Amino acid sequence: MYRPLIAGVFYVLTTWAAPAAINMASRDTNSSANNQDLINSLELAATAADRINLLTTSDFVYDFNEPPPGDSVTTGLGGHTVKADRKLFPALIGTGVSMTLGFLGPCGFNTPHVHPRSSQINVVVEGQLKTQFVAENGVPPIFNTLNKFQMTVFPQGSLHTEWNPTCDPAVFVAGFASEDPGVEQAAQSLFELDEQVVQADLGVDTLNGESIEDFKNKLPANVALFVEECLKTCDIDQDATPNQGEGSGAPSSAGGRGSSHGRR
Ligand SMILES: *[C@@H]1O[C@H](CO)[C@@H](O)[C@H](O)[C@H]1NC(C)=O
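(A) Summary view of the environment of proline 181. Relative to the helices and strands, proline 181 is located in the loop between strand 10 (170-176) and strand 11 (184-185). The spatial distance from the C-alpha of proline 181 to the C-alpha of serine 98 is 7.7 Å, given a sequence separation of 83 residues. Sequence-distant contacts of proline 181, defined by excluding residues within four places in its chain, comprise Ser98, His115, Arg117, Ser118 and Phe176.

(B) Structural detail: the sheet that holds strand 8 (residues 151-154). Taken in spatial order, the six strands make up an open sheet running 1-2-3-10-5-8, and their pairing is antiparallel. Single-partner strands in this sheet number two, and they are strand 1 (73-76) and strand 8. With strand direction ignored, the average angle separating the axes of adjacent strands in the sheet is 20°. Relative to strand 10, strand 3 (residues 98-104) runs antiparallel, the two being bridged by seven bridges. When the bridges of strand 10 are listed, leucine 101 appears paired with valine 173.

(C) Seen up close, the pairing of strand 9 (residues 159-163). Pairing of strand 4 (residues 108-114) with strand 9 involves three bridges; the strand directions are antiparallel. Looking at strand 9, one finds that asparagine 110 is bridged to glutamate 162. The pairing of strand 6 (residues 129-134) with strand 9 spans five bridges and is antiparallel. Bridging from a neighbouring strand, lysine 130 pairs with tryptophan 163 of strand 9.

(D) Structural view of the site of the ligand. Close to the ligand lie Asp28, Asn30, Glu66, Pro68 and Pro69. Classifying every residue of the shell around the ligand gives two nonpolar, one polar and two charged.

The rules behind the values
Residues numbered from 1 in each chain as written. Predicted model: local features only at pLDDT ≥ 70, side-chain atom pairs only at ≥ 80, totals over all residues. Helix = DSSP H or I, 4+ residues; strand = E, 2+ residues; numbered from the N terminus. Contact = placed C-beta atoms within 7 Å. Pairing = 2+ DSSP bridges. Axes fitted to C-alpha atoms, helices over the stretch in contact; angles between N-to-C directions. Near = placed C-beta within 6 Å. Nonpolar A, V, L, I, M, F, W, Y, C, P; charged D, E, K, R; others polar.

Listed below in structure tokens is the structure:
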């Protein structure tokens, strides 16, 4: 009469034990990030289970406090963002998702940009943010103010921006429905076009008394600082050293102009 029970226990033990095939060894996340051999193997794996068997337990942890080297961090005067995409966090391969955290200091300004391959859900987890986006031609712009634990969505391809209007730090978490959402900074991209094209598009020869070329070279790196008024209120010196926003990690990978948009 105990036989079925014993058989059942045996069955549970053997099936439960099966995942032991998983490589339980640890590998520090910096050696799986940007690891092209691992990425190739994950890409070629026949099944999702095969992919999991290529990864170690610790490959499933991404540390936004101390992100891996590479292009994980984008830094400007107003703060920094840290991303986890399929290249930096290969465990994402096959999952269809990725994430960015934004640390915006007082008046920190995540400059207008587009994600070409994903919508973005954006939740504030500390402080306050103003958000704006334009989804496409023919619809009104959407402006909002988000407080802690409030969320908005930026539709795929929409031109969007967010900034911290306060003198306290703000942090947002951005989720993407793509392992590789990509990002394109609007002003930097426009000014990458031929100078004559930019002149004709804007209908001016100079901007702020400067040639288009000179003006372009002065566009601030993301995360930038927002308007004069906020800077005055918060007593911020624009020429000071980069503000890392809230949080740790103080990434030193300086984001010069261009660090926040794609290379060709
Ligand atoms: C990974 O690299 C980053 C940046 O170089 C560093 O801050 C961090 O300590 C490294 N993490 C490990 C586990 O070595």
